[in-house]
Amino acid sequence: MILSIAWRNIWRNKVRSITIMLSIALGLFSGLLVLSLYQGMMNSRIRSVIESEVGHIQLHHPKFKNDYEPEFVIKRGEDILNQISKLPEVKFVAPRSISMGMLSTANGTAGVQINGVVPGLENNISQLKSKIQEGDDFDTLKRNQIMIGRKLAGKLKVRRGSRVVLTFTDPAGEIIAGAFKIRAIYKSENTQLDESYVFIMKNDLNRLLNIDPDFHEIVILLHHNEDVKPVNQKLKKIFSSLRSETWMEISPETELMTKTVDQYSYIIMIIIMMALAFGIINTMLMAILERTREIGMMLALGTNRLRIFLLVLYETVILTLAGTPFGLFASWLLISYFNKQGLDLSYLGSTEMLNNFGFGTMIYPEFPKEKLSGIVIIVIGTALISSLFPALKAIRMQPVDALRK
Amino acid sequence: MDTVIDAHNISKVYNRNTIPVYAVNNVHLHLNRGEFTALVGPSGSGKTTLLNMIGGLDKPDEGNIFINGQDITALSANELIDFRLRNIGFVFQSFNLIPVLTAKENVEFIMQLQKMDKKDRDERVLQLFQQIEMVDKLDERPSRLSGGQQQRVAVARALATKPQFILADEPTANLDSKSASNLLDIMAKLNKEENITFLFSTHDQRVIDRARRVITLVDGRIINDTAAVSTAHQQA
C-alpha cells in the first residue's frame, strides 16, 4: 500500500509533478543528444580511419614499419592477395608500395609518404577517386602522375598540371628522383593526411624502386567490423612470416579517442543529472513539508520509519522513472531523424578545426543503444540520491511535533 | 478489573533551563478496561500533553506509564512505534485521514501494517463500517466525506487492530451537533458492547455529559476525578 500511496501522492500536485517529470525528460533528452553526437562523430572517425585510411587489417614485412625501408617487401605478393581475396569475410583487398621521400617544387619542399597504388583496387579501399576536388583519376596508360592533398598543394603553391619532383631512396640506399605531373588534387576529412600523403601509381613507384612485382603493404577491407579480430588471427596463422595488424593497432590514437569520448559522455550525463537532482530534491522537500502533519499522523498510528523512508523513495523514483520514457522517446525520435538526414556542422564554422582532428563536418548521430543500461543506472542513481535528503527529513520528524503543524 | 493505563507521578516540563513550565505536573492516572473517560480542563491545562504521553507520542520528563503492565517510558522510539501500532488507537481532532486513500483503504492501511491477511482485513473492514454505519461510503476519498463521516472513519481505523484502548483528542471539536452526537453514540455503543476503553480530551459538554468518568486538569494537575470522588463516597 506504501507504493500505492506514493503513486497517488504524485498526482496530488499535478503541475508540480509534471514539471519535474518534464525536467527529467529534458535532461535525459539533452544528455542523449550529446552522447549521440559524440557517438556519431566517433563512428564517423572510425569509418574514416577504416574506409579511407588504413582499412580493417594491413599486412607488411615484419621489419617494414620500423623505418619504412623499401627493401622490406612482401614477396610473392600477388599470390597472397589472391589467397586473401578468397576469404569469405574479405570485401576488398589492395596492394600498396610505400616510400618516404621529399616532394619539391619551385616554391619549396615537403616531407611526404609516397603511396604507390593500383587505382582500380585502391578506389575500393580508400575511395581516393571520390576525394578528388580538382582533376581526374589516374590514367593507367600514362606514367608519372601524382595526386596530392589540397593542404599540401596550397602550401607548395601548386595546382593541377604543375610539375613536382619526388626524391627517395631505393632498396640499395641510392637516392632516386622522379618528375611527376599533378593529375589531381584531393581533399579528405583528415587535414594532416592531406598534407603528408601523396599517391602515385604502384607501377611507377615499383619501377623507380626496382622492386616489381613485389610491394610493401596489403590493405584489407572486411564486410563486417566485428570480423576484424578473428580474421586477423586467421591471417597471422596463414601468413606467419608477415606482420598482420588491425586498424586498432595501426591507429591506436583512434581507439584511445573512442574510449576517452565514451568516458566523457558518461561524465556529461552525470553532470546533467546532478543539476536535475537539485530540482528533484527541492520538489520532494516541498512535498514533504506540505505533508508534515500527515506524516506525523502516519508515524503516530504506527507506520515505522522504514515505510516512511520507502514512501519518499518510491515517490522520487516514480517521478524520475516516469520522465525517463519521454526523454528516451523524444531523443530517439530526433536522433533517428538526424541519423538519416545527417547534421552538417560546417554551419558552425568549425570545418577546419574538425578536419584538423580527422573528423568530417557531416555527423550522423547514433542513438547510444549500448549505453542505455548505463544511462538508466545513472537516472535511477540520481533518483535514489535525490530522495535521500527528503526521506531523511521525513523520518526524523517527531509525531508529536509534526501533528501540531 | 483489568488495569489498562497506569501512570505514576508523571510530569512534563518545558524550558527546564530557564523558567520551567509544567505542562503536566506530578499526575497519577489509573484507567481500567471498559472505562469511558473524559479528560477536561481549560486550554493549556495539559490535556493533549497528557494524552500524547499516554499514547507514547511524547515522553514524560518524570514518572512512568504502564500500559497493560508494560512500562512504555522505557521503550525506544522505534519500539514505541510498534507498541502504538499494536496497542493504541488514535482519533485526532482534525480527522487526519490519508487523503489519497479511500475510507476503506484508510482503515485497511493500519491492518496491513500489522500484516493481517487479505481475507481477515476484508471481514474486519466490513464489520467496522457496519458499526460506524458507513458501508455505502467504503470507496469514497476523505475529501468527499463530511467532517462527521471522516471522524467516524477515524474511529473505525482506531478500532481496526483491536487496540487496548482508544485515545481521542477533542474528537468532536470540529463537528456540528448532529455529527458529534452520532459519533458519540457510536463510541458509546462500542464501549458498551465491546468493552473498549476510551479516553477523550475535550471541552465539549456533550462529551462530558456522556462520559462515565470525568478527570479535570488545571495547570497540569488533576484537580478533580469523578471516579476518585465516587470511590471516596463508597468508602465513606
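Bear in mind that the values here come from a model prediction, so they are computed numbers and not experimental data.

With that out of the way, let us pick up the overall build of chain B. When you go through chain B residue by residue, the secondary structure sums to eight helices and ten strands. The globule rule puts the C-alpha radius of gyration for 236 residues at 18 Å, and the 18 Å found for chain B is close to it. Among the 236 residues that make up chain B, the fraction classed as buried is 56%. Intrachain contacts of chain B at a sequence separation of at least 6 include 70% that bridge at least 24 residues. Of the roughly 10,300 Å² that chain B leaves accessible, carbon and sulfur atoms contribute 46%. Charged side chains of chain B number 27 positive and 29 negative; the gap between the two group centres comes to 3 Å.

This paragraph deals with the overall build of chain A. In terms of helices and strands, chain A carries 16 helices and twelve strands. In terms of overall size, chain A is more extended than a compact globule, its C-alpha atoms giving a radius of gyration of 31 Å where 405 residues would be expected to give roughly 22 Å. By principal-axis analysis of the C-alpha atoms, chain A measures approximately 100 × 45 × 30 Å. Taking all 405 residues of chain A together, the buried fraction comes to 52%. Of the contacts made within chain A by residues no fewer than 6 positions apart, 78% connect residues no fewer than 24 positions apart. Taking the average place of the 46 positive charges on the side chains of chain A and the average place of its 37 negative ones, the gap between the two points comes to 10 Å.

On to the sheet that holds strand S6 (residues 88-91) of chain B, then. All names here are of chain B. The six strands are arranged S6-S7-S8-S3-S9-S10 in an open sheet whose pairing can be described as mixed. Each edge of the sheet is formed by a strand with only one pairing partner; in this case those strands are S6 and strand S10 (221-225). If you compare each strand with its neighbour and ignore which way they point, the axes differ by 20° on average. Contacting strand S3 (36-40), S6, strand S7 (165-169), strand S8 (197-202) and strand S9 (213-218), helix H1 (residues 47-54) runs over the sheet at an angle of about 150° to S7.

A separate point is the interface of chain A and chain B. With 22 residues of chain A at the contact, the number on the chain B side is 28 residues. Both sides of the chain A and chain B interface together cover about 2,200 Å² of buried area, and 63% of this is carbon and sulfur. Summed over the three residues of chain A that lose the most area to chain B, namely Met1, Arg8 and Leu301 of chain A, the buried surface amounts to 32% of that side. There are one salt bridge connecting chain A and chain B. One salt bridge connects Arg8 of chain A with Glu105 of chain B, and the closest N-O pair in it is separated by 2.6 Å. Between chain A and chain B we count five residue pairs in polar contact (both at pLDDT 80 or more) in total. When residues of the side of chain A that touches chain B are traced back to their parent elements, those giving at least two are helix H1 (2-10), helix H12 (292-301), helix H13 (305-341) and helix H16 (399-402) of chain A. Of all the elements, H12 of chain A adds the most residues to the side of chain A that touches chain B, at seven residues.

All names here are of chain A. In terms of domain boundaries, chain A breaks down into domain 1 (2-49 + 254-402) and domain 2 (62-241). Taking only C-alpha atoms into account, the centre of domain 1 sits 49 Å from that of domain 2. Counting from both sides, the interface comprises eight residues of domain 1 and, opposite them, six residues of domain 2. When domain 1 packs against domain 2, the two sides together hide about 560 Å² of surface, and 30% of this comes from carbon and sulfur. Taken together, the connections running from domain 1 to domain 2 amount to zero salt bridges. At the boundary of domain 1 with domain 2, the tally comes to zero residue pairs in polar contact (both at pLDDT 80 or more). Sorting the residues of the side of domain 1 that touches domain 2 by element identifies helix H2 (14-54) and helix H14 (351-356) as the ones contributing at least two each. The biggest single contributor to the side of domain 1 that touches domain 2 is H14, with three residues. Taken together, the residues of the side of domain 1 that touches domain 2 break down into one nonpolar, five polar and two charged.

Applying the stated criterion to the full structure yields ten aromatic pairs over all chains. Ring geometry for Phe64 of chain A against Tyr68 of chain A: centres 5.1 Å apart, planes inclined by 70°, an arrangement best described as edge-to-face. Ring geometry for Phe36 of chain B against Phe200 of chain B: centres 5.0 Å apart, planes inclined by 80°, an arrangement best described as edge-to-face. With a gap of 164 residues between them, Phe36 of chain B in strand S3 and Phe200 of chain B in strand S8 connect regions that are remote in the sequence. By the burial criterion, Phe36 of chain B is buried, and Phe200 of chain B matches it.

To continue, consider the nonpolar core. In this structure, Leu50, Ile54, Val107, Phe129 and Val153 of chain B are the most contacted members of the largest nonpolar core, which totals 112 residues. It is H13 of chain A that contributes the most residues to this core, nine residues altogether. Setting aside anything within four residues of it in sequence, one finds Val153 of chain B in contact with Leu97, Ala103, Asn106, Val107, Phe129, Ile132, Met134 and Leu145 of chain B.

Right, let's get into the pairing of S10 of chain B. On a regular strand, one side chain projects to one face of the sheet and the next to the other, so that they alternate. All names here are of chain B. Summarising the sheet, S9 and S10 pair through four bridges and their orientation is antiparallel. In the sheet register, Ile215 faces S10, and the bridge partner there is Asp225. In sequence, S9 turns back onto S10 through a hairpin of two residues, with Asp219 there showing a positive phi of about 50°.

How two helices sit against one another is set out by the angle between their axes and by the gap between those axes. Residue and element names in this part refer to chain A. Packing of H13 against helix H15 (residues 372-395) brings their axes to within 8 Å, and their N-to-C directions diverge by 145°. In this structure, the crossing between H13 and H15 has a hand that is right-handed. Among the residues forming the contact of H13 with H15, the class breakdown is 18 nonpolar, five polar and one charged.

In a regular helix each residue adds 1.5 Å, so 13 residues correspond to 18 Å; helix H5 (residues 147-159) of chain B covers 18 Å between its end C-alpha atoms and thus fits that length. Counting buried positions along H5 of chain B gives twelve out of 13 residues, so the element sits mostly inside the fold. Of the residues making up H5 of chain B, those classed as buried are Gly148, Gln149, Gln150, Gln151, Arg152, Val153, Ala154, Val155, Ala156, Arg157, Ala158 and Leu159 of chain B. Structurally, H5 of chain B contributes buried residues whose contacts are with H12 of chain A together with S6, helix H3 (103-113), helix H4 (118-131), S7 and helix H6 (177-194) of chain B.

All names here are of chain A. Inspection of the entire model under this criterion finds 27 salt bridges over all chains. Of the charged contacts, one joins Glu195 and Lys155 as a salt bridge, the two residues approaching to 3.5 Å between their closest N and O atoms. Taken as a pair, Glu195 in helix H7 (residues 191-196) and Lys155 in helix H6 (residues 150-156) lie far apart in primary sequence, 40 residues in all. One salt bridge connects Glu315 with Arg291, and the closest N-O pair in it is separated by 2.7 Å. In this pair, Glu315 is assigned in helix H13 and Arg291 in the loop between helix H11 (252-290) and H12, connecting sequence segments 24 residues apart. We classify Glu315 as buried; its relative accessible area is 3%. The class for Arg291 is buried, based on a relative accessible area of 6%.

All right, on to the sheet that holds strand S5 (residues 70-71) of chain B then. Residues and elements named next belong to chain B. The strand order across the open sheet formed by four strands is S2-S1-S4-S5, and the pairing between neighbours is antiparallel. Only two strands of the sheet have a single partner each, and these edge strands are strand S2 (21-32) and S5. As defined by bridge partners, strand S4 (residues 62-67) adjoins S5 across two bridges and the pair is classed as antiparallel. If you follow Phe66 over to S5, its bridge partner there is Asp71. Contacting strand S1 (3-14), S2 and S4, H1 crosses the sheet at an angle of about 55° to S2.

The rules we used
Residues numbered from 1 in each chain as written. Chains lettered and ligands numbered in written order. Predicted model: local features only at pLDDT ≥ 70, side-chain atom pairs only at ≥ 80, totals over all residues. Heavy atoms only, no water. Helix = DSSP H or I, 4+ residues; strand = E, 2+ residues; numbered from the N terminus. Rg over C-alpha atoms; globule rule 2.2 N^0.38 Å. Buried < 20%, exposed > 50% of the residue type's maximum accessible area, 1.4 Å probe, protein only. Contact = heavy atoms within 4.5 Å. Areas by Shrake-Rupley, 256 points an atom, 1.4 Å probe, with all protein chains shown as cover. Lys, Arg positive; Asp, Glu negative; His and termini not counted. Charge placed at Lys NZ, Arg CZ, Asp CG, Glu CD. Pairing = 2+ DSSP bridges. Axes fitted to C-alpha atoms, helices over the stretch in contact; angles between N-to-C directions. Buried area = accessible area lost by both parts, 1.4 Å probe. Salt bridge = Lys/Arg side-chain N within 4 Å of Asp/Glu carboxyl O. Polar contact = N/O pair within 3.5 Å; in protein donor to acceptor, adjacent residues only side chain to side chain. Domains from an automatic or database assignment. Nonpolar A, V, L, I, M, F, W, Y, C, P; charged D, E, K, R; others polar. Phe/Tyr/Trp six-rings, centres within 6.5 Å; stacked < 30°, edge-to-face > 60°. Core = buried A, V, L, I, M, F, W, Y, C linked by side-chain atoms within 4.5 Å. Left-handed = near helix turned anticlockwise from the far one by under 90°. Expected span 1.5 Å × (residues − 1).

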